[in-house]
Amino acid sequence: MARVFYDHVWKRFDEVEALKDFHLEIEDKEFLVLVGPSGCGKSTALRLLAGLDSITEGDIYIGDRRVNNVPAKDRDIAMVFQSYALYPHMTIYGNIAFGLKLRKVPKEEIDRRVKQAAEILGVEALLKRKPGQLSGGQRQRIALGRAIVREPQVFLLDEPLSNLDAKLRVNTRAEISKLHKRLGTTFVYVTHDQTEAMTMADRIAVMSAGVIQQVGTPQHLYDEPVNVFVAGFIGSPAMNFFSAKIKSSDGELELDGGTFVLKVPKERAPALQPLVGREMLFGIRPENIHDNEFVPTGIHAASIEVEIDVTELMGNEVFLHTMAGDQKLLARVDPRTRAKPGDKFEVVADLERMHVFDPETREAVTTARERDS
Ligand code: ATP
């Protein structure tokens, strides 16, 4: 068990800056997820922590120990990768025990740890089999088992679920969360999948182009993204963005999107007042746009005339892909909707929950949460 501290870390591969001033403290026992698109530097951050690559500038601490020059094998961490890399000719028991044997751990101790890990993961019945006789999900559990028996201070997981099919991924996600609680160890988990990040993390660090964009709890990032990148990355389907000019009319504020005009709810007006006359970028999540026949009570709805492009039935909801003039809007609406492709239709947006960004800096000006404060 240990905290992990990246102190202003840089990593350069020749001209590529894979990490730029990466500064992050991960608390003891925390489940921290590094998330971002391909190439943003998340695996590099994990590899530096594991000691598989050298740091260009800055320091990394595990517990109170500066580990910059500590070899990987002495860092007291265990890593689980996307590929399980089990030895095909060894039994599952042999695979789980392998790392401990190399470390010359006494036989009885190995046996105790392997059996305990197998019990935690529910794979006791598989110990005599060979990897070829296991399903993908079972193999992934064995890879976790191999990490558990090391009894490390920190677990590092790099996209461990990407080889699993969708259903197994959901189950294994839950299992890893349970495992984290049971072991009470610090987990650092890398993924490009925001759903994994949202469902598993205590805190998420969102990365883009080698830079941490925002760190916070899943709910915090969802409610108060600090910029357009985080707003568009967290949440699925992604937030809608549209440009509109803020205007004042008869003492009320309006958003003029060119082909539609929306009234700003009173609660949001004070924050927008100083921006009157400016063209801003607005964000509204699909779940905050409703069919006008099925509007939840208590929201400040603003009507938008749209044309329905495509409807996608998801069972418990329908995704409406619409055009409001020349702006695309995706709405997640009640499954009883009567919208059909080609229809002119009225949706209502809960503008209390809209986000406002500066179009030049892409930084948030006000977020949905501020209406509550
Ligand atoms: P992915 O999800 O695709 O694995 P990632 O976010 O984990 O992406 P990294 O693997 O950390 O990204 O790579 C970050 C950047 O550093 C990329 O531009 C990558 O091309 C570059 N990079 C990584 N390893 C090396 C290397 N050994 N030599 C040169 N450039 C590298």
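For the structure itself, look to the data block above.
Residues numbered from 1 in each chain as written. Predicted model: local features only at pLDDT ≥ 70, side-chain atom pairs only at ≥ 80, totals over all residues. Heavy atoms only, no water.

Novice: Hey, could you go over helix 5 (residues 166–183) for me, with residue numbers and the actual values?
Specialist: What sets the pattern is the α-helix's 3.6 residues per turn: residues three or four places apart point alike. Its 18 residues place the ends of helix 5 26 Å apart at the C-alpha level, agreeing with the 26 Å of an ideal helix rising 1.5 Å per residue. Within the span of helix 5, buried status applies to Thr172, Arg173, Ile176, Ser177, Leu179 and His180. Each buried residue of helix 5 sits inside an arc of 160° when the element is viewed along its axis, so together they form one side. Away from its buried face, by an angle of more than 90 degrees, helix 5 presents the exposed residues Lys167, Lys178 and Lys181. At the exit of helix 5 stands Gly184, carrying a positive phi of roughly 60°. (Helix = DSSP H or I, 4+ residues; strand = E, 2+ residues; numbered from the N terminus. Expected span 1.5 Å × (residues − 1). Buried < 20%, exposed > 50% of the residue type's maximum accessible area, 1.4 Å probe, protein only. Arc of directions from axis to C-beta.)

Novice: An account of the site of the ligand is needed here, citing residue identities and associated values.
Specialist: Looking at the ligand, the residues that line it are Phe13, Val16, Ala18, Pro37, Ser38, Gly39, Cys40, Gly41, Lys42, Ser43 and Thr44. In this structure, Lys42 approaches the ligand through a side-chain N or O atom, which is 2.7 Å from an oxygen atom. At 2.8 Å from an oxygen atom of the ligand is found a side-chain nitrogen or oxygen belonging to Ser43. Taking 640 Å² as the accessible area of the ligand by itself, protein coverage stands at 56%. Looking at the shell around the ligand, the elements that each hand over two or more residues are strand 2 (16–26) and helix 1 (42–50). (Near = heavy atom within 4 Å. Polar contact = N/O pair within 3.5 Å; in protein donor to acceptor, adjacent residues only side chain to side chain. Areas by Shrake-Rupley, 256 points an atom, 1.4 Å probe, with all protein chains shown as cover.)

Novice: How would you explain the sheet that holds strand 16 (residues 301–313) if you had to name every residue and give the values?
Specialist: If you walk across this open sheet you meet the 5 strands as 15-19-16-17-18, and the pairing is antiparallel. At either end of the open sheet lies a strand with only one pairing partner, and these are strand 15 (289–291) and strand 18 (327–333). Here the average twist between neighbouring strands, direction ignored, is 50°. Of the pairings in the sheet, the one linking strand 16 to strand 19 (residues 344–350) comprises 7 bridges and is antiparallel in character. Bridging from a neighbouring strand, Ser303 pairs with Val348 of strand 19. (Pairing = 2+ DSSP bridges. Axes fitted to C-alpha atoms, helices over the stretch in contact; angles between N-to-C directions.)

Honestly, it's all geometry; don't read function into it.
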